[in-house]
Protein chains: 2
Amino acid sequence: MATIREVALKAGVGIGTVSRALNGTGYIAEETKKKIMDAVEELEYRPNELAQNFFRNRSGFVGVLVPNLEHPFFSYLTKYMERELYKHGYKCMVCDVDDEISRQEEFFEMLRRNTMDGLITCVPIQSEGDRSGILRPIVAIDQNLGKNIPIIRSDHWQGGKMAAKLLQKAGCRLVLLLSPKRPHRYSAGLRYQAFEQTMEQNGCEVITLPVSADKMDFGYSLEEVRKHTEYLSGADAVFATDLIAAACLKLAHEKGIDVPGKLKIIGYDGLPLGGLLYPTLTTVCQNIPELARCGVETVVKMINGRRDIQQEYVIGVSMERGGTV
Amino acid sequence: MATIREVALKAGVGIGTVSRALNGTGYIAEETKKKIMDAVEELEYRPNELAQNFFRNRSGFVGVLVPNLEHPFFSYLTKYMERELYKHGYKCMVCDVDDEISRQEEFFEMLRRNTMDGLITCVPIQSEGDRSGILRPIVAIDQNLGKNIPIIRSDHWQGGKMAAKLLQKAGCRLVLLLSPKRPHRYSAGLRYQAFEQTMEQNGCEVITLPVSADKMDFGYSLEEVRKHTEYLSGADAVFATDLIAAACLKLAHEKGIDVPGKLKIIGYDGLPLGGLLYPTLTTVCQNIPELARCGVETVVKMINGRRDIQQEYVIGVSMERGGTV
């Protein structure tokens, strides 16, 4: 493989000039640049990216921290973030935290050690102290991590309200709200508050049933919902995230409860799997591509030292009508 | 932030000695090492990983190339690969090729430029020439990419046979096989061959209906299956990947076809979403964690220059009984 020295020799310039031309870090006459590029092409010279990164003090990587890639919300989000990062010239380093919250710490350590130019996190960070000594930007999805960490989130308040209004229009009076035990830890918890408030303002009864938000897999959704089986037959409707809503639909089928005739079900997230269920799940759809686009744009702006950054970006949601309401 | 110079000064040694101690690249007396580590701790010195990578000529990254993260098979595979890479001290750089096959090329370019220490690909590579000048190892999942590229795959032949035997035992005589148009491009195509052969050897009729393997999302599965609606009511059973099988189940519900009474459905992959369907999907389960473990172990061995590498690793499959057969 050709070296930078050979390129310089061929182009009749110094090594420093070749380096400046390739890295775009100084003025080079057009004619000289052309000579260098011709030499690069002829010799099939490939700059060593490790060397370039070292001299530029940037890695070209942005980390994406997710709680669980098995959950389709996070695999879609990762998919779209990877695409958006790519458009901006960044590579996507993914970390699935799962049950090991300590893996988060290691990603912060990587930010300190310059392995990443920035980080987008979808995982709640436990304490303020964790982030000391980090000079590279962090952007949070759906989590309020404090000052200097912009938050990108869906308009969950609007989403919860939309779900409530749809059920009211359908004549529901007694509804089950399956929500995490500590929804206030996430901005996503706003949807449950908005739902409850809107239902109760209109004289409907809301029974809140706790489901754990700590695990996020399919088997777990079913287990969690089975604990509340007795409630299903007495209620008019259910509101929950898509995975939990899908588990409710399955349970209703098992118990011979007609959906939507006897029980209406409305999901939250708008995951494509809702389309494979029977009937198709009615759901409040989060705009995952837009969440990803906005998250990436914000972290890239911060990497580039831009100051026109908002503390919060709120992305609109929409209702996707299936056959469960 | 402390510099390596300050650490050297504090420990009373030269900068080169500190560098050797931290990188483990030469003999250092235990006593000296201790002095250096004490200084590192006291000064909270954090080595710049970009510099370390440059001097070691390794990046610590392994690329994972997938056709579509929206497909749960690939998001689980990525999840487990990321975990396994982490155990071996590597970071996971993910690339979702989707429809842009050219993105593959860029990953090969990164292998050439030392941005990655190795690559695990789940995407079929189009031509032999693409890989010229790559000195870093590549491992393939389910694809035969030629000599020097080990292949990790499920025992698809056994899987296809298991599905056929189960349907025969259930008394099926006329079955629909929904398979990609060019299954021979993938080792996964073996399952369709084994299924067809086993069914026909036992006097059963197999009608093969083409579904495209190029797109991999949920909406597309439904569209593809709807093209073959007329066949569903005349057949005893369907064999297809989980996503296509789920779409068939939905279509059967829509058409009022009783599953499993009138139509039996057997999936392939063993994705958790099968557990949310009603009835639960019966499916041939690929061992995704083991595919990931084996793929990562192989690429890491190759990075470390080991020669005890097989050309092919075949991972066993198992039958997961749900309620659709």
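Figured I'd write up the structure that's included with this text. (Residues numbered from 1 in each chain as written. Chains lettered and ligands numbered in written order. Predicted model: local features only at pLDDT ≥ 70, side-chain atom pairs only at ≥ 80, totals over all residues. Heavy atoms only, no water.)

### Observations regarding the packing of helix α9 (residues 218–226) of chain B against helix α11 (residues 242–255) of chain B
All names here are of chain B. Running from N to C, α9 and α11 cross one another at 60°; their axes reach a closest spacing of 9 Å. Judged on the interaxial angle alone, α11 and α9 are oblique. Classified by chirality, the crossing of α11 by α9 is right-handed. Note on element contacts: α11 touches α9 through Leu 243, Ile 244, Ala 247, Cys 248, Lys 250, Leu 251 and Glu 254, opposite Phe 218, Ser 221, Leu 222, Val 225 and Arg 226. A class-by-class count of the residues in the contact of α9 with α11 yields 8 nonpolar, 1 polar and 3 charged. (Axes fitted to C-alpha atoms, helices over the stretch in contact; angles between N-to-C directions. Helix = DSSP H or I, 4+ residues; strand = E, 2+ residues; numbered from the N terminus. Parallel < 35°, antiparallel > 145°, perpendicular 65-115°, else oblique. Left-handed = near helix turned anticlockwise from the far one by under 90°. Contact = heavy atoms within 4.5 Å. Nonpolar A, V, L, I, M, F, W, Y, C, P; charged D, E, K, R; others polar.)

### A closer look at empty space enclosed by the protein
Residues and elements named next belong to chain A. Under the definition given, this model contains 5 cavities of 30 Å³ or more. The space that makes up the largest cavity amounts to roughly 90 Å³. No other element matches helix α11 (residues 242–254), which puts 4 residues into the lining of the largest cavity. Each residue belonging to the lining of the largest cavity can be placed in one class, and the counts come to 9 nonpolar, 2 polar and 2 charged. (1 Å grid on protein atoms, 1.4 Å probe; cavity = no way out; pocket = protein on both sides within 12 Å on 5 of 7 lines; lining within 4 Å. Points joined across faces, edges and corners; volume = space filled by probe spheres on them.)

### Considering the relation of the copies chain B and chain A
With an RMSD of 0.2 Å, the operation that places chain B on chain A is a rotation of 180° combined with a shift of 0.0 Å along the axis. Both chain copies can therefore be described as sitting about a two-fold axis. Among all residues of chain B, the minimum C-alpha distance to the rotation axis is found for B:Met93, at 2.3 Å. The residues that chain B uses at the interface reappear at the interface of chain A in 100% of cases, marking a shared surface. (Least-squares fit on C-alpha atoms with pLDDT ≥ 70 in both.)

### Re helix α7 (residues 156–169) of chain A
Residue and element names in this part refer to chain A. For α7, which comprises 14 residues, the first-to-last C-alpha distance of 20 Å matches the rise-based estimate of 20 Å (1.5 Å per residue) to within 8%. Taken as a whole, α7 has its buried residues at His 156, Gly 159, Gly 160, Met 162, Ala 163, Ala 164, Leu 166 and Leu 167. Phi turns positive one or two residues past the end of α7, at Gly 171, with a value near 85°. (Expected span 1.5 Å × (residues − 1). Buried < 20%, exposed > 50% of the residue type's maximum accessible area, 1.4 Å probe, protein only.)

### Comments concerning the interface of chain B and chain A
Contacts between the two partners involve 59 residues from chain B and, on the opposite side, 60 residues from chain A. Taking both partners together, chain B and chain A bury about 5500 Å²; carbon and sulfur atoms supply 58% of that area. Joining chain B to chain A, the criterion identifies 6 salt bridges. Among the secondary structure elements, those contributing two or more residues to the side of chain B that touches chain A are α4 (49–56), α5 (72–87), β2 (91–96), α6 (102–112), α9 and α11 of chain B. Of all the elements, α5(B) adds the most residues to the side of chain B that touches chain A, at 8 residues. (Buried area = accessible area lost by both parts, 1.4 Å probe. Salt bridge = Lys/Arg side-chain N within 4 Å of Asp/Glu carboxyl O.)

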